[in-house]
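Single-letter residue listing:
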Amino acid sequence: MGDMSERFVVVPIDERDPLINTDSDTGSNYDGKNMVLFEEEMDSNPMVSSLLNKLVNYTNLTQGAQEYEEDEDDGHKKKAFRPNQMGTFMGVYLPCIQNTIGALLFLRLPWIVGTAGIMESLAMWLIGCLCTLLTAISMSAIATNGVVPAGGSYYMISRSLGPEFGGAVGLCSFLGTAFSSSMSILATIEVLLTYVWPQAAIFVSLQNNMRVYGTCCLTLMSLVVFVGLKYVNKLSLVFLASVILSVIAIYAGVIKTTFDPPDFPVCLLGNRTLQNHDFDKCLKIEIIDNVTVTTKLWSLFCSGPELNATCDEYFHVNEVNMLQGIPGLTSGVISDNMWEHYGPLGILLENKHLASIPATDKSKDTYSPYLVNDITTSFTLLLSIYFPSVTGIMAGANRSGDLRNAQKSIPIGTFWSIVVTSIIYVTFIVMFGACIEGVVLRDKFGDSVKGYLVIGTLCWPSPWAIIIGSLFSSCGSGLQNLTTAPRLLQAIARDGIIPFLQVFGHGKANGEPTWALLLTAGICEIGILFASLDAVAPILSMFSLMSYLFINLACAVQTLLRTPNWRPHFKYYHWTLSFLGMSMCLALMFIFSWSYAIIAMVFVGSIYKYIEYTGAKKEWGDGIRGLSLNAAHYALLSLEESPPHTKNWSPQLLVLLNLDSDLSVKHPRLLSLTTQLKAGKGLTIVGHVLKGNYLLKDTEARQAEKNVKLSMTAEHTKGFCHVVVSSNLRDGFSHLIQAAGLGGMKHNSVLMAWPRNWKQSNDGQSRQSLKNFIETVRETTAAHQALLVAKNVDSYPSNQDRLGEGTIDVWWVVHDGGMLMMLPFLLRQHKVWRKCKMRIFTVAQEDDNSIQMKKDVQMFLYQLRLDAEVEVVEMYDTEISTLTYEKTIQMEQRSQMLKEIQLLSTRRKREAQLSHHTKEKRFECHHHHEPNGNMALHDLFNMKPNQTNVRRMHTAVKLNELIVNKSQGTHLVLLNMPGPLKNRNEDANYMEFLEVLVEGLNRVLLIRGCGREVVTIYS
């Protein structure tokens, strides 16, 4: 074949070629002159190169730090402000570490180990670690499935589960972070007033001191956060360094205990641990200069310092013992601390290995300086107090807007923080249990070791290393949370899904969340007023677990749906792991506190419903929408296309709307009637037909659909809108009747308004309207669909009206399958018609037994469980009145006149289409037909009425007289609608019969059944 490269040569187009027209629009915004073929696409679909350029230049704006520009005097240059762009260490790892290695590690972990034992403490760690690890896996999958801008956990949940869940859980995460800051501040004050500067106490009560100093500390921290994020980060490094030194000091102290245990004696009376504040020697008496004297301890249990003073019985019969508080790793104390020592409030802390003689009178134990439990302890309570120590994994994700690469930093920083903190917690649990005496571990505030921090007695070289470390770790954790919470709230506010929070989306010129910081400080103050770490910890646990639960749910939903957009870079996830994490979070919520769990769920549910009804509508492609689509797909596949059982039948409506020239709904009360019939139940499709070509009318169709949806919203009509563009209206309505719906979810009833002004003979549009109406009646009958025609629909009540005492009258002339019985029942379920009573009129002929008919109808209604008043109206054969003849003659004359007009119109159109050379022939033809036209006009005024039409008119007139007589003042009349005549030439006569039938009535609903039973007497 030869070398292809020699045959085909690509010749570039020279833009300067004079054969090329260069007068085209120079402002074209598409890229590449050799892509002219795609020029029309460029406005909506950019070139790939342009798209890639935008992605490369994408800026992940930090939450609370936007770019802004300010003019300079010289040259008016603009100076851009760049936000902090932090890496994995500063942005994720450090905040997670500081929130995990915090107050609970230094202040509560030794107490938890001493009370729960090493084994159950490890079980607590395992539960917390497993829960956070599973959540971190789910969070990493979501975080790596696209750019994570400001909002962190809120952004992940809202974009995965929708704005309702996102807003509700985002607020939970915000409150949890705010209460975490409260707990850190309380821990700071506890360390300060208990171990650093006890003399600073203003009140006798520790709780009141914590409230006052906690408020001052909160104010100072808020000022630091207000100044800027960079100062928080600088302080974080200092605080982290002190925490690391504290951890190293503990490890060093543990190693030192193997060869040189510290001397921290603990005084016990019998086997009861004593508070070592008011005595310096663990002795009852001592000999000084050969004189036996009593000690300060004696004075605490006896009436005086004399040897013959009256003493407490237990003090008298038991000896004083001294134990080393920290016997060391090789002491074997680990066996005593292996298992739990739970107890109720007020129980004495005892060493079971020491001898003790019980006293007969235990009433004085309350007033003696014994160590006791300050709360009732149990595994679940201690787990709820311990759990906040592992909730720091969200600290990095919540600052996603401040990260340089959130997709990379969040998984790496979070997992490394979990690994490091897990190693620290596991080793500390084992080391505390192996080195420290059990009664000292259970001494929460160090009262047995002269008020020292319990863990401080273990560290080396000085207890102050731990005291300063715990103080700084608490401060650092509080600052981190006080920085994170306002940014989380700001992200929620800026999305606009909760209207009353939008004010908190504003901030300083650089976007720092000032208003959100004020609200966060106010919520932190509420936590500080609790003045107890043990009271705030369960609240924090509940909010954190709620956030974890929905993060796992979001990952599980996205994984199960397998949406094309679910492509995380993080591959080590599975929906079973997310489901397990979600189940663990839900179980832990109820284990910690079932009452708190219910309150949290009610809170989330309330926020969810508030956002659903009043919040801004957001289309974020969330997983809940995908889940709904999958569920709908499954339901449609499982729903048989065959008609439902009679017991399951309900009207599934196709509402045929008319729009005026400016595409506004002509009869909005038709939608009101739809709402009152359906009350949001079942299927409702609101349809409209535009005449024309879809390619030319697509914009108009979208506007029409928008207007219809607005009217549906205004009338509270829940359903779908379907606007069809067709070359003629008749085909459009036919297509809607045939094709609306999907699978087994199709309409079975059609609702439409009575055609107005159909009698205007000179109006072609009115004649077309008449034809469309009657053909719609025929097509619904052929499709076995019910038809509801509302006469005078604009006089129907709106959804805001409340009809007073009155009736809904049903004129049951022929059996239509029960539609006439069902519709009044459905209407009366709505508050508009609730006070109306139902009356049923049935017509008896001459041969019928009226009394028996009434009884039969009453029994039928009883079996249908319907409450209605029954009346049988007798309509015997009578002579046809002159009025009936006159109406019939007028009807037929008008019908004949319409035919003549139509023939004349058709003839003229045909003549106009003839060519010029046939003018004579057309003239002769015209004069040839004219005498026949005059003859037809002459016969029009001398014609005799058709006897069948006379009888039909007679029925309409007589029945109308009965209805007007009985139902003139009723709120609504429901009436069987006669079927159209088989002869299509008599369509106008059919409309005349219907007009006469409902003449003189205000609101009438004409009903044709669907050809099957829709009510049943069986359960």
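Structural notes, computed from the coordinates. (Residues numbered from 1 in each chain as written. Predicted model: local features only at pLDDT ≥ 70, side-chain atom pairs only at ≥ 80, totals over all residues. Heavy atoms only, no water.)

### Focus on the packing of helix α3 (residues 88-100) against helix α16 (residues 463-495)
Okay, step 1: Two elements in contact, α3 and α16, have axes whose closest approach is 8 Å; the angle formed by their N-to-C orientations is 125°. One element, α3, and the other, α16, form an angle in the oblique class. Remark: the crossing between α3 and α16 carries left-handed chirality. Residues Pro95, Gln98 and Asn99 of α3 touch α16, and the partners they reach there are Ser473, Gly476, Ser477, Gln480 and Asn481.
Okay, step 2: Of the residues assigned to the contact of α3 with α16, the class counts are one nonpolar, seven polar and no charged. (Axes fitted to C-alpha atoms, helices over the stretch in contact; angles between N-to-C directions. Helix = DSSP H or I, 4+ residues; strand = E, 2+ residues; numbered from the N terminus. Parallel < 35°, antiparallel > 145°, perpendicular 65-115°, else oblique. Left-handed = near helix turned anticlockwise from the far one by under 90°. Contact = heavy atoms within 4.5 Å. Nonpolar A, V, L, I, M, F, W, Y, C, P; charged D, E, K, R; others polar.)

### Concerning the pattern of salt bridges
Okay, step 1: Under the criterion given, the structure shown has 18 salt bridges.
Okay, step 2: Across the pair lysine 256 and aspartate 260 runs a salt bridge whose closest N-O atoms are separated by 3.3 Å.
Okay, step 3: For aspartate 260, a relative accessible area of 38% puts it in the partly exposed group.
Okay, step 4: Across the pair glutamate 779 and arginine 730 runs a salt bridge whose closest N-O atoms are separated by 2.9 Å. With glutamate 779 in helix α25 (residues 764-782) and arginine 730 in helix α24 (residues 729-739), this pair connects stretches of sequence that are 49 residues apart. (Salt bridge = Lys/Arg side-chain N within 4 Å of Asp/Glu carboxyl O. Buried < 20%, exposed > 50% of the residue type's maximum accessible area, 1.4 Å probe, protein only.)

### With respect to the environment of phenylalanine 264
Okay, step 1: Considering the arrangement of structural elements, one finds phenylalanine 264 in the loop between α9 (229-257) and β3 (265-269).
Okay, step 2: A relative accessible area of 18% means that phenylalanine 264 is categorised as buried.
Okay, step 3: Phenylalanine 264 sits 63 residues away from proline 327 along the chain, and the two C-alpha atoms are 8.9 Å apart.
Okay, step 4: Filtering out sequence-adjacent residues up to four positions away, phenylalanine 264 remains in contact with Leu323, Gln324, Gly325, Ile326, Tyr452 and Thr457.

### A look at the pairing of strand β8 (residues 653-656)
Okay, step 1: Residues Leu653 and Val655 point to one face of β8 and Leu654 and Leu656 to the other, with burial holding for every one of them.
Okay, step 2: Alignment of β8 against strand β11 (residues 749-753), held across four bridges, turns out to be parallel. Residue pairing in the sheet places leucine 654 in a bridge with valine 750 of β11. (Pairing = 2+ DSSP bridges.)

### Description of unusual backbone geometry
Okay, step 1: Of note, the amide linkage connecting tryptophan 460 to proline 461 takes the cis form, showing an omega dihedral of 15°.
Okay, step 2: Relative to the assigned elements, proline 461 resides in the loop between α15 (438-441) and α16.
Okay, step 3: Positive phi, normally seen in glycine, also occurs at histidine 716, with a value near 60°.
Okay, step 4: Within the element layout of this structure, histidine 716 appears in the loop between α23 (694-714) and β10 (720-726).

### Focus on the side chain of arginine 1008
Okay, step 1: Here arginine 1008 lies in strand β17 (residues 1004-1008).
Okay, step 2: In this structure the side chain of arginine 1008 is engaged in a polar contact, spanning 3.2 Å, whose partner is the backbone oxygen of methionine 977.
Okay, step 3: When neighbours within four sequence positions are excluded, arginine 1008 is seen to be in contact with Val777, Thr781, Ala786, Leu787, Met977, Pro978 and Gly979. (Polar contact = N/O pair within 3.5 Å; in protein donor to acceptor, adjacent residues only side chain to side chain.)

### Examining the state of the cysteines
Okay, step 1: Counted under the stated rule, the structure contains two disulfides.
Okay, step 2: Each sulfur in the disulfide pair cysteine 267 and cysteine 282 lies 2.0 Å from the other. In this structure, the disulfide formed by cysteine 267 and cysteine 282 twists by about 80° around the S-S bond and is classed as right-handed. Of this pair, cysteine 267 sits in strand β3 while cysteine 282 sits in the loop between β4 (272-273) and β5 (285-288), and the two are 15 residues apart along the sequence. (Disulfide = S-S within 2.5 Å.)

### Some details on the sheet that holds β3
Okay, step 1: What the three strands build is an open sheet, ordered β4-β3-β7; its pairing is antiparallel. Here the strands that pair on one side only, and so sit at the sheet edges, are β4 and β7 (320-324).
Okay, step 2: Taken together, the two bridges between β3 and β4 define a ladder with antiparallel strand orientation. Across the sheet, leucine 269 pairs through a bridge with arginine 272, a residue of β4.

### What to know about a nonpolar patch on the surface
Okay, step 1: Taken together, Leu586, Phe590, Trp594, Ile598, Met601 and Val602 make up a surface patch of nonpolar side chains, about 570 Å² in accessible area.
Okay, step 2: Those elements that place two or more of their residues in the nonpolar patch are α19 (575-592) and α20 (594-614).
Okay, step 3: What makes leucine 586 partly exposed here is its relative accessible area of 36%. (Patch = residues over 30% accessible without salt bridge, like charges linked within 9 Å, V, L, I, M, F, W, Y side chains within 5 Å. Areas by Shrake-Rupley, 256 points an atom, 1.4 Å probe, with all protein chains shown as cover.)

### Notes on the nonpolar core
Okay, step 1: Of all hydrophobic cores here, the largest spans 150 residues; its most connected members are Leu109, Ile250, Phe428, Phe432 and Phe550.
Okay, step 2: Phenylalanine 428 has contacts with Leu105, Leu109, Val247, Ile250 and Tyr251, leaving out every residue within four places of it along the chain.
Okay, step 3: Grouped together as the second largest cluster of nonpolar side chains are 54 residues, Val665, Val686, Met819 and Leu1005 included. (Core = buried A, V, L, I, M, F, W, Y, C linked by side-chain atoms within 4.5 Å.)

### Observations regarding the sheet that holds strand β15 (residues 869-874)
Okay, step 1: With mixed pairing, the 10 strands of this open sheet are ordered in space as β10-β9-β8-β11-β12-β17-β16-β13-β14-β15. Across the chains shown, the open sheet's two edge strands, defined by having one partner strand only, are β10 and β15. Going across the sheet, the axis of each strand differs from the next one's by a mean of 20°, ignoring polarity.
Okay, step 2: The sheet contact formed by strand β12 (residues 786-791) and β17 spans five bridges and is antiparallel. Opposite lysine 791, over in β17, you have valine 1004 as the bridge partner.
Okay, step 3: α23 rests against β9 (684-691) and β10 of the sheet, and its axis sits at about 155° to β10.
Okay, step 4: Here helix α27 (residues 850-863) sits on the sheet in contact with β13 (806-812), β14 (836-844) and β15, set at roughly 150° to β15.

### As for the packing of aromatic side chains
Okay, step 1: Counted by the stated rule, this structure contains 23 aromatic pairs.
Okay, step 2: Residues phenylalanine 165 and phenylalanine 550 carry aromatic rings whose centres are separated by 5.3 Å and whose planes lie at 40° to one another, so their mutual orientation is tilted. A residue pair is termed long-range when its members are at least 10 positions apart, and phenylalanine 165 in helix α7 (residues 163-196) and phenylalanine 550 in helix α18 (residues 533-561) qualify at 385 residues. This pair shows no difference in class: phenylalanine 165 is buried, exactly as phenylalanine 550 is.
Okay, step 3: With 5.8 Å between their ring centres and 85° between their planes, tryptophan 298 and phenylalanine 315 make a pair best called edge-to-face. (Phe/Tyr/Trp six-rings, centres within 6.5 Å; stacked < 30°, edge-to-face > 60°.)

### Some thoughts on the side chain of serine 184
Okay, step 1: Relative to the elements of secondary structure, serine 184 occurs in helix α7.
Okay, step 2: Given a relative accessible area of 4%, serine 184 falls into the buried group.
Okay, step 3: Engagement of the side chain of serine 184 in a polar contact is seen with the side chain of serine 477, the distance being 3.0 Å.
Okay, step 4: When sequence neighbours within four positions are dropped, the list of residues in contact with serine 184 reads Ser474, Ser477, Gly478 and Asn481.

### Some remarks on helix α31 (residues 987-997)
Okay, step 1: The buried fraction of α31 is high, at 11 of 11 residues.
Okay, step 2: Within α31, burial applies to Asp987, Ala988, Asn989, Tyr990, Met991, Glu992, Phe993, Leu994, Glu995, Val996 and Leu997.

### Digging into the pairing of β11
Okay, step 1: By the criterion of burial, β11 is predominantly enclosed, with five of the five residues buried.
Okay, step 2: Judged by which residues are buried, β11 turns out to be covered on both faces: Ser749, Leu751 and Ala753 on one side and Val750 and Met752 on the other are all buried.
Okay, step 3: Bridge count for β11 against β12 is five bridges, and the pairing is parallel. Bridge pairing links serine 749 to alanine 786 in β12.

### Observations concerning the packing of helix α6 (residues 153-161) against α18
Okay, step 1: Between α6 and α18, the least distance of the axes is 9 Å, while the angle of their chain directions is 40°. Classed by the angle they form, the pair α6 and α18 counts as oblique. Helix-helix and strand crossings are classified by hand; for α6 and α18 the assignment is left-handed. Taking contact as the criterion, the partners of Ser153, Ile157, Arg159, Ser160 and Leu161 in α6 are, on α18, Ser547, Phe550, Ile551, Leu553, Ala554, Val557 and Gln558.
Okay, step 2: Residues that form the contact of α6 with α18 fall into these classes: seven nonpolar, four polar and one charged.

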